[in-house]
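# Close look at the chain arrangement
Given next are the chains, with one letter for each unit.
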Amino acid sequence: MAATDFPSEIAALRTTLGTISAVVDPDALRARIAELSEQASAPDLWDDADAAQKVTSALSHAQSEVERLSGFERRLDDLETLVEMAEEEDDAETLADAEAELVTLRKDLGALEVRTLLSGEYDSREAVVTIRAGAGGVDAADFAEMLLRMYLRWAERHGYPTAVLDTSYAEEAGLKSATFEVKVPYAFGNLSVEAGTHRLVRISPFDNQGRRQTSFAAVEVVPLIEQTDHIDIPENEIKVDVFRSSGPGGQSVNTTDSAVRLTHIPTGTVVSMQNEKSQIQNRAAALRVLQSRLLVLRQAEEKATQKELAGDIKASWGDQMRSYVLQPYQMVKDLRTEFEVGNPASVFDGDIDGFIEAGIRWRRGTDS
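Read on for a plain summary of the structure. What you are looking at is a predicted structure, and each value in this text was computed from that prediction instead of being measured.

### Overview of the overall build of the protein chain
When its secondary structure is counted, the protein chain shows nine helices and 11 strands. Buried residues in the protein chain amount to 39% of all 368 residues. Summed over all atoms, the accessible surface of the protein chain reaches about 19,800 Å², with 49% contributed by carbon and sulfur.

This is the structure:
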């Protein structure tokens, strides 16, 4: 096997890091950190808890971005030193360590490079994700619950805070639908490539004859609304229904009619919330998600109009964007990017970064 050309490999990684730095602009980030630090030190900061949370979150995110870039610089410097030591002392073990670090650096820098592709209007937002069971009966409801766990485990692996806003349980097993937030910057940019129809093929655990079953679930991802988005919804365009929250099998979560369902009459968009304790809290949460969905609708309409004017109308998403096959073989494959993994168990346990990165690169290619 040919020896690794460390100087050229490290030079290539430095070039990639330089390209990323030019996009991220650490000098602008440092100026932003100084501005946010001044706001964070104001004595009346926590008089408005929501505003304070946004300031501290933005400050933490900016500091992490600068530290991430500095960290890669240090790792490249350390790798060069490690290679020099190994070659001077003809130390095969240290050289093997350098090889392993090179592979890890290449992977980590590739992931950071993908992040720089997230430059869409709403990519930096937090995300609201809704999963709905599709065709396939009880297997589809079970699949929807598997996907919910998969995304929550993905967030947990990265230390991203989440909040489940609404769950509608199916009668026998699984979920009819579930909605949750991922409360971290760029959650929408990352998870937006997960939107679409997911397909599961397996031996059904609910079929006493042990037959293979194909089931479907839909994933919707929208950016979390912000006050500056100006999505005003007239009261006469919203139908409000209240009902009693329920858990699996109809078990009561609480004994008051605190759950809220909002229907946007002009578009038919429906949002329900039941996980907060009061009707007022559920209505506020439902309104926020409704505004987020209407924001995406408005963006889609604007994009469609632009494509029509340009004479370039084409569907960019197929009906099935990913297949999870457990039988007769083990494979999870994205049908848009061709990215695949032969270990569905790890994917369902939240190991989906490869799919997300491939999806972001694919989207940039189709948009360009």
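### Overview of the sheet that holds strand E11 (residues 340–341)
Pairing between the strands of a sheet is mediated by backbone hydrogen bonds and can be parallel or antiparallel. Here we have eight strands laid out as an open sheet, ordered E2-E3-E1-E5-E4-E9-E10-E11, and mixed in their pairing. On the outer flanks of this sheet lie strand E2 (162–169) and E11, each paired with one strand and no other. Taken together, the eight bridges between strand E4 (residues 196–203) and strand E5 (residues 212–223) define a ladder with antiparallel strand orientation. By the bridge assignment for E5, His198 is matched with Ala217. Packing of helix H5 (residues 137–158) onto the sheet brings it into contact with strand E1 (127–133), E2, strand E3 (175–182), E4, E5 and strand E9 (322–325), and relative to E5 it is tilted by some 45°.

### Notes on the pattern of salt bridges
Evaluation of the coordinates by the stated rule reveals 28 salt bridges. One salt bridge in this structure joins Asp207 and Arg211, with 2.7 Å as the shortest N-O distance. For Asp207, a relative accessible area of 16% gives the class buried. The exposure class assigned to Arg211 is partly exposed, which follows from its relative accessible area of 46%.

### A closer look at unusual backbone geometry
Cis geometry marks the peptide bond from Gln327 to Pro328; its omega dihedral reads 15°. By the element assignment, Pro328 lies in the loop between E9 and strand E10 (331–334).

Conventions used here
Residues numbered from 1 in each chain as written. Predicted model: local features only at pLDDT ≥ 70, side-chain atom pairs only at ≥ 80, totals over all residues. Heavy atoms only, no water. Helix = DSSP H or I, 4+ residues; strand = E, 2+ residues; numbered from the N terminus. Buried < 20%, exposed > 50% of the residue type's maximum accessible area, 1.4 Å probe, protein only. Areas by Shrake-Rupley, 256 points an atom, 1.4 Å probe, with all protein chains shown as cover. Pairing = 2+ DSSP bridges. Contact = heavy atoms within 4.5 Å. Axes fitted to C-alpha atoms, helices over the stretch in contact; angles between N-to-C directions. Salt bridge = Lys/Arg side-chain N within 4 Å of Asp/Glu carboxyl O.

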